[in-house]
Each structure stands twice: as C-alpha cells, then as structure tokens.
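Examining the three-dimensional arrangement
Here is what each chain is made of, one letter per residue.
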Amino acid sequence: MTSEAAPGPRDIAVVAFAQSDTLRTTSDVSEVEMLMPVLHDVRAQTGLKTADIGFTCSGSCDYLAGRAFSFTLALDGVGAWPPISESHVEMDGAWALYEAWTKLLSGDADTALVYSYGKSSPGSLRDVLTRQLDPYYVAPLWPDSVALAALQAQALIDAGDTDEPELAAIGARSRATDNPHAQLKGPVPHGDYLVRPLRTGDCPPIGDGAAAVILAAGERARQLCARPAWIRGIDHRIEAHSLGVRDLTDSPSARLAAEKAGAFERPVDTAELHAPFTSQEVVLRKALRLGDEVLVNPSGGALAANPMMAAGLARIGEAAARIHRGESDRALAHATSGPCLQQNLVAVLEGDPR
Amino acid sequence: MSAVLKAPLVVEFPFTRSLGPVQSAFLTALRHRVVLGVKTRDGRTLVPPVEYDPVTAEEISELVHVGITGTVTTWAWNHEPRRGQPLDTPFAWVLVKLDGADTALLHALDAPGPDAVRTGMRVRIRWAEEPTGAITDIACFEPYDGDESTVTVHAGEFEDPVTGIVAQARLDYTYSPGRAQTAYIKALAEHRAVGERCPSCQKVYVPPRGACPTCGVATSEQVEVGPGGTVTTFCIVNIKAKNLDIEVPYVYAHIALDGADLALHGRIGGIPYDQVRMGLRVEPVWNEGGSYPDHYRPTGEPDADYETYKELL
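Bear in mind that the values here come from a model prediction, so they are computed numbers and not experimental data.

1. Things to note about the overall build of chain B
Looking only at helices and strands, chain B has three helices and 23 strands in total. Taken over the C-alpha trace, chain B has a radius of gyration of 31 Å; the compact-globule value for 313 residues is 20 Å, which it surpasses by more than 25%. For chain B, the proportion of its 313 residues judged to be buried stands at 46%. Across chain B, every contact between residues at least 6 apart in sequence was considered, and the portion connecting residues at least 24 apart equals 58%. Of the accessible surface of chain B, which amounts to about 15,900 Å², a share of 50% is contributed by carbon and sulfur atoms. In chain B, 28 positive and 41 negative side-chain charges are present, and the distance between their average locations comes to 4 Å.

See the structure below:
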C-alpha cells in the first residue's frame, strides 16, 4: 500500500441515547410536545446544540395517528433554523440511523441526530397496520397484526420449535426488567387468547413514545462520550412480502443481515432484539445463533414497551447505553418492520477494550 | 389545566389500483370461480400469482389452473372478528396450499371452533355469491374431505378481464391536538385569541403548537393577542371549493393579530374583494354560536405602516 491509498472507512459510534416513557395514551401532548424532551435529553448528554449537528434523520409513520406530514411538525422540536441538513424515513428510526450512518461514512458530516416517535393511541393499531400489506391479495381481508403473528406462532408450534409454556416464559422474562421507561413490567399474566395461539401476554403493549440517539465519527465520538459504542457493522435485509412463500419458522433476512454486519465473527455478550411477539424471539434466537450465554433484552424489549417507529431505534440505543455504562463489550441490536419479521436490521456495537 | 380536546377523526380513502397482467388474470379467473397460479422457471407454482419470481426476480407469466381444494399449512383462531374481515362469526385465519400450488394463500376458514382446525387439514374454497374480480370472491374456505382437484394449464384469457380494483380503506381515530392547541381552540370559542411566547427568542406564536420551530424549545407563557390585526398579504380566490358555501371571488389573507409574531390566515369579508390591500386593519367576526371566527372585516382604522408588519410577511 502506498501513502496515496484511500483512507479506510470511518469509525462511527452511538454516543448518546434518550427515550421517553412509553404510555398507553398521551393525548395531553402533541407529537412534538412528546418528542421535544427526548431531543433535549440526548443533546444535553453530549453538550451539542442543533447548530453543532451535521445531519438529522427521523423515522415516523403518518398512519399511526392519522396525521398527514406529522414529521414536518415534529421538526419544530428540533429547532431547524437556520436550515439544517435533514431527512426522514417512513419507517422505524433504526432505518433512519442506517441512513445517518451512511451519511457519516461518506464524510459529509461528523455528527448526526437520529430520532423517531409514534403515537399509536389515537387509532386502532391492529387495523392501521393492515394498510402496510399487499393491497391486491391481502389488505382487502384486513388481517390484523396479531393474527399474522399468530399464524407464525402456530407454524413454530407445529414445527416443534416452541410451545405455549416457553412463550409464556419469554414474556415473563422480558417484563422482569427494571427499565424505568417500560410500559409493562413485573408479573403479567399470560392471559387469554387474543388470536390463538397467542395470548395477551405474548403480545406487545400498545403505547406512545419516542427515542433519539446521537452518532459521531472518529475523534469526535471520543470527545463526546467516555466510552463510545462503535458500530462495527450494520445491515438490513427484506423478505418476500407474500407470507405464503416464506418459511415463517425461520428468518433468513435476519441471518443474512447479521452475517453482513459481522455478528458471527465473534460472540456477543448482549442482544437487544425487536421481537414484538414472544414467538418472534424464538425465530430470532435461532436465526441470529444466540445461545443461553447471551443476555437477551435486559431492557425488556418490545414486550415491555413497543412504541411504533421508535422501538427498533431504542434497541440500538439500549445496546449502546450498556456499552457506555461498561455493562457490555460487544452487543447485537436488531430492529424489525412489517408482518412476521418481514424486514430486519442488525447492528453490531463494541466498546473500546477495558 | 383543564382536559385536552378530543374529537373523532375518520380517514377514508378508496384507492383505485391498476393490475398487471398476472394479477388481472388471477382476479378475472376468481370471478369465473377458477384459481390460477403462475409457474416459475424452476417449476414452482405460486398461488396467489405474482409478476416477478420472489427468489430470482425474473418476470414470470406462465399461468396454470390449480385446484379449489387444498391443505392448511398454518392457522390461527380468531374468536373476535374485526371490521372488514371475511367472516363476522369466529373463524380461523389460514394459509392454504391449494392442490397444485407450491406456496400458500392467506384467507379465512369457516369452522365451528378451534378444535375443528389443525395444520394439514383439507379445505375447499367457498365462493362469494356475487363475484366482482377481487380476492374477496373467495368468501372463505370450509372443511373438505373429498378428492384432490385436478390441475391443468390455463391460458388465463377471459373475455372481460378485470383491469383494476378499488381498495376501500377506513381508519377511525380519536384526534387530540395536545396541550397548546387545546388552549388556543378553547380560547377561540370564548372569542379570544391566545398565543404562546418562546422563552428563548421571545416570539409569540399564534396559533401555538407547543414548540418554537426556530429554537426547538417548548413555548408555555400564554399571551393574549388581537382582536385586531393587519393584513400582511392576500390572494383572491376565483374557484369555488367543493362543499363550501362562499361566493367567489373572495379574499383569503394572512393576518398578523396585534401582539403576534406569526400571521394566521382567514377570509376577509365586509369589503369588496378588489379593495383589500396589504396593511388593511381587520377584526374577527363570529357567527352566532361559532367556535372560531367566520371571517375578518375592516375596522375602519387607517392602514398599518409597512414597517410595522414587514417582518411578518
């Protein structure tokens, strides 16, 4: 190699994470009123002001609250004047983080603010989510989100991959978290069937909430955070939209994303999985090759709090925060979107050696 | 603080969607009580058929006629059917691999209870009484214990192809405007205009949305503004809006209420449309029992000096 060689990819880290409490209803505040304290919190952790941040990217979905272009109003909470470099994805904030990561990789910015929020309480979430399905063959039947997850759960039970007691244990373990922002925690009964074989305890609580992280590149990250959570790899993959062509007991997209993110190169000590239904943790543990020695979802995961559009970003934030606090050295963070784990994002985060 | 306002909000949107050649053949065939699949290059038969192979992304178009009977590959018991779903009595969601198909179709199974359903059970299509060329032409599946149906090649050609569908959607919400806008709307009903001041830049926002978009901080100090205001800019509307009982032409204007640092908009009345001008001084007019100003009319004061409102344009 000569000295003319192109510089290697930049090291990029999560340097701060903040989230709101997730609540069943937040009608006393607008979306921007809910989001703003989270933005203030994450910036205060780094001392950065809006003008110091090179790129801002957000994730949200207008269908949740039935408010068109709600993300433009949410920008009021950022303080976007003088005009900022900004983008938005109509997806979970984990995908906004992916866009911000590419922006930092390109060298166009050294710092990025990523945030996302969702208010599911104004609508009927199970019905709202049917609108993301194939409009020709599936959406006219209005199969709700719990029904589709239940089809996947039954396929797992039929395949001998799990049973109802194991699913109940996943729910109980998740809600045994001490996460102060969680919506549902402590002993929660497995409950009655919502759509059999899934019981209420197998399903995520419906709640409103917001999350935000700050990314920084290279030395900037070390200045802003005592122990940055370096993103060693990140990748996302999608599967065919038609449920009937997929093997619902497996997640080849999650496995491929993990492989591309380098998750299988060395063991991780912690995994934050975005598995809204207990049965989906079974699929993800298998696809991501997570053994019993890995600490899974100490935050409680989506079974303890599942603010739509923010829960995936919060998985990355929770994993990073454990590295910041010295509770993890190498963590896997996962986000999902669509029915039955249709789309999956995996990030591998590491702290500097201690 | 008193409770925030809430109101029902219904979002309805009929999407008119055009169909590709394979989708068109499939839905047309359903109307004739025939189910078509599509063959991939490696010999798999996809039902419901798609226009591109989900594995290789190759364009595919070879149609085959598959059975109206099949096998359940997974199921879920839905004891509380929701609006729009295929049956209004408890039913099972099923993925069904029709005879001759290699992939499964999502639909409903009419069965007496969960004990009557299992993976691997045989089922048959129950057709809708009045087919229209949509997935709902399959009313649902029902249990079946007869022979496998035969599978043949099909040209997929019908005299009256379905070329599009109208996808109806309706979502019901309970809208709440949040703290700041609730205070604004409640004050309006009392014939007052209330803004909020930014603690950082001191601007008064009317209507307030709870945050200063310039500083990104919460506004909270309430400030009463108006009732008078100044027209900062305006346009003349010549097109009659649907469901709006206002004669054209009329003037729609940006109005900076006295004490506000942001103009709101409203209709100008009580003056011929061609006499409205920048700087015109106006005041709100409420209809009997109205919860917001119907329009703004001239106060008769001298016009405001341009220097007093140029920052509010």
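Having seen the model, we can carry on.
2. Topic: the overall build of chain A
Helix and strand counts for chain A stand at twelve helices and twelve strands. What you see for chain A is a C-alpha radius of gyration of 19 Å, in line with the 20 Å of a compact globule of 354 residues. For chain A, the spread of C-alpha atoms along the principal axes amounts to about 60 × 45 × 40 Å. Looking at chain A as a whole, 64% of its 354 residues are labelled buried. Long-range pairs, those at least 24 residues apart, make up 79% of the contacts in chain A between residues at least 6 apart in sequence. About 12,500 Å² of surface is accessible on chain A, with carbon and sulfur atoms providing 53% of the total. Charged side chains in chain A number 31 positive and 45 negative. The centres of these two groups are separated by 2 Å.

3. Looking at the nonpolar core
B:V35, B:L109 and B:F141 are the most contacted members of the largest nonpolar core, which has 59 residues in total. The biggest single contributor to this core is helix α6 (residues 145–158) of chain A, with eight residues. Here B:L109 is in contact with B:L87, B:F91, B:A92, B:V94, B:V117, B:M121, B:V123, B:F141, B:E142 and B:P143, once residues within four sequence places are set aside. By size, the runner-up hydrophobic cluster in this structure holds 37 residues, among which are A:F17, A:C57, A:A96 and A:A335.

4. A closer look at the side chain of A:N297
All names here are of chain A. Tracing the sequence through the fold places N297 in the loop between β10 (295–296) and α11 (301–304). One polar contact links the side chain of N297 to the main-chain amide nitrogen of L273, over a distance of 2.6 Å. In contact with N297, not counting residues within four places along its chain, are R173, A271, E272, L273 and E281.

5. A word on the pattern of salt bridges
Pairing is possible between side chains of opposite charge, provided their charged atoms come close. All names here are of chain B. Applying the stated rule across the entire model yields 45 salt bridges over all chains. Among the ionic pairs, E190 bridges to R192, the shortest N-O distance being 2.9 Å. Accessibility expressed as a relative area gives 31% for R192, which makes it partly exposed.

6. Observations regarding the sheet that holds strand β1 (residues 12–19) of chain A
Note: strands within a sheet are paired through backbone hydrogen bonds, in either parallel or antiparallel orientation. All names here are of chain A. On the basis of which strands lie adjacent, the open sheet formed by ten strands has the order β3-β2-β4-β7-β1-β8-β12-β11-β9-β10 and mixed pairing. Whereas interior strands pair on both sides, the edge strands pair on one side only; in this sheet they are β3 (86–89) and β10. In this structure, β1 lies alongside strand β7 (residues 209–217), joined through seven bridges in antiparallel fashion. Following the sheet pairing, A18 is matched in β7 by A212. Its contacts with the sheet place helix α9 (residues 252–260) against β8 (229–238) and β12 (343–350), and it is angled at close to 145° to β8. Helix α12 (residues 311–324) rests against β1, β4 (111–118), β7, β8, β9 (270–272), β10, β11 (330–337) and β12 of the sheet, and its axis sits at about 110° to β1.

7. Describing the environment of A:M34
All names here are of chain A. Tracing the backbone shows M34 in helix α1 (residues 31–46). Along the primary structure M34 and G77 are separated by 43 residues, whereas in three dimensions their C-alpha atoms are 9.4 Å apart. In this structure, M34 is in contact with T26, V29, Y117, G118, K119, D208 and G209, ignoring residues within four places of it in sequence.

8. A closer look at the pairing of β4(A)
Residues and elements named next belong to chain A. Among the eight residues of β4, eight are classified as buried, and the element is accordingly described as predominantly covered. Here β4 shows two buried faces, one formed by T111, L113, Y115 and Y117 and the other by A112, V114, S116 and G118. By the bridge criterion, five bridges tie strand β2 (residues 55–59) to β4 in an arrangement that is parallel. Paired with F55 across the bridge in β4 is A112. Sheet analysis places β4 next to β7, joined by eight bridges and oriented antiparallel. Its bridge partner lying in β7, Y117 is registered against A210.

9. Let's talk about the sheet that holds strand β18 (residues 221–225) of chain B
All names here are of chain B. Spatially, the three strands line up as an open sheet ordered β15-β14-β18, and their pairing is antiparallel. Every other strand in the sheet has two partners, leaving β15 (204–205) and β18 as the edge strands with one partner each. As paired elements, strand β14 (residues 193–197) and β15 share two bridges and run antiparallel to each other. Directly across from E196, in β15, lies its bridge partner Y205.

10. A word on α1(A)
Compared with an ideal rise of 1.5 Å per residue, which puts 16 residues at 22 Å, α1(A) spans 24 Å between its outermost C-alpha atoms and is within 8% of the ideal. Within α1(A), burial applies to A:E31, A:V32, A:E33, A:M34, A:L35, A:M36, A:V38, A:L39, A:V42, A:R43 and A:T46.

11. Section: the packing of α6(A) against helix α10 (residues 278–287) of chain A
Residues and elements named next belong to chain A. Between α6 and α10, the shortest axis-to-axis distance is 9 Å and the interhelical angle comes to 55°. By the angle class used here, α6 and α10 are oblique. For the crossing formed where α6 meets α10, the hand is left-handed. Residue-level contacts link A149, Q152, A153 and L156 of α6 to S279, Q280, V282 and V283 of α10. Partitioning the contact of α6 with α10 into residue classes produces five nonpolar, three polar and no charged.

12. Digging into the interface of chain A and chain B
Contacts between chain A and chain B engage 52 residues on the former and 63 residues on the latter. The largest share of the area that chain A buries against chain B comes from A:Y136, A:Y137 and A:L141, three residues that together contribute 19% of it. The interface formed by chain A and chain B contains three salt bridges. Counting every contact that joins chain A to chain B gives 22 residue pairs in polar contact (both at pLDDT 80 or more). Those elements that place two or more of their residues in the side of chain A that touches chain B are α1, α2 (62–65), α5 (125–128), α6 and β5 (193–195) of chain A. Broken down by element, the residue count for the side of chain A that touches chain B peaks at seven residues, all from α6(A). A class-by-class count of the residues in the side of chain A that touches chain B yields 31 nonpolar, ten polar and eleven charged.

13. A few points about helix α4 (residues 93–105) of chain A
All names here are of chain A. For α4, built from 13 residues, the straight-helix expectation of 18 Å at 1.5 Å per residue is met to within 8% by its first-to-last C-alpha distance of 18 Å. Residues G93, A94, W95, A96, L97, A100, W101 and L104 constitute the buried set of α4. N-cap assignment for α4: the residue whose side-chain oxygen lies 2.8 Å from the backbone N of A94 is D92.

Rules used in this analysis
Residues numbered from 1 in each chain as written. Chains lettered and ligands numbered in written order. Predicted model: local features only at pLDDT ≥ 70, side-chain atom pairs only at ≥ 80, totals over all residues. Heavy atoms only, no water. Helix = DSSP H or I, 4+ residues; strand = E, 2+ residues; numbered from the N terminus. Rg over C-alpha atoms; globule rule 2.2 N^0.38 Å. Buried < 20%, exposed > 50% of the residue type's maximum accessible area, 1.4 Å probe, protein only. Contact = heavy atoms within 4.5 Å. Areas by Shrake-Rupley, 256 points an atom, 1.4 Å probe, with all protein chains shown as cover. Lys, Arg positive; Asp, Glu negative; His and termini not counted. Charge placed at Lys NZ, Arg CZ, Asp CG, Glu CD. Core = buried A, V, L, I, M, F, W, Y, C linked by side-chain atoms within 4.5 Å. Polar contact = N/O pair within 3.5 Å; in protein donor to acceptor, adjacent residues only side chain to side chain. Salt bridge = Lys/Arg side-chain N within 4 Å of Asp/Glu carboxyl O. Pairing = 2+ DSSP bridges. Axes fitted to C-alpha atoms, helices over the stretch in contact; angles between N-to-C directions. Expected span 1.5 Å × (residues − 1). Parallel < 35°, antiparallel > 145°, perpendicular 65-115°, else oblique. Left-handed = near helix turned anticlockwise from the far one by under 90°. Nonpolar A, V, L, I, M, F, W, Y, C, P; charged D, E, K, R; others polar. Buried area = accessible area lost by both parts, 1.4 Å probe.

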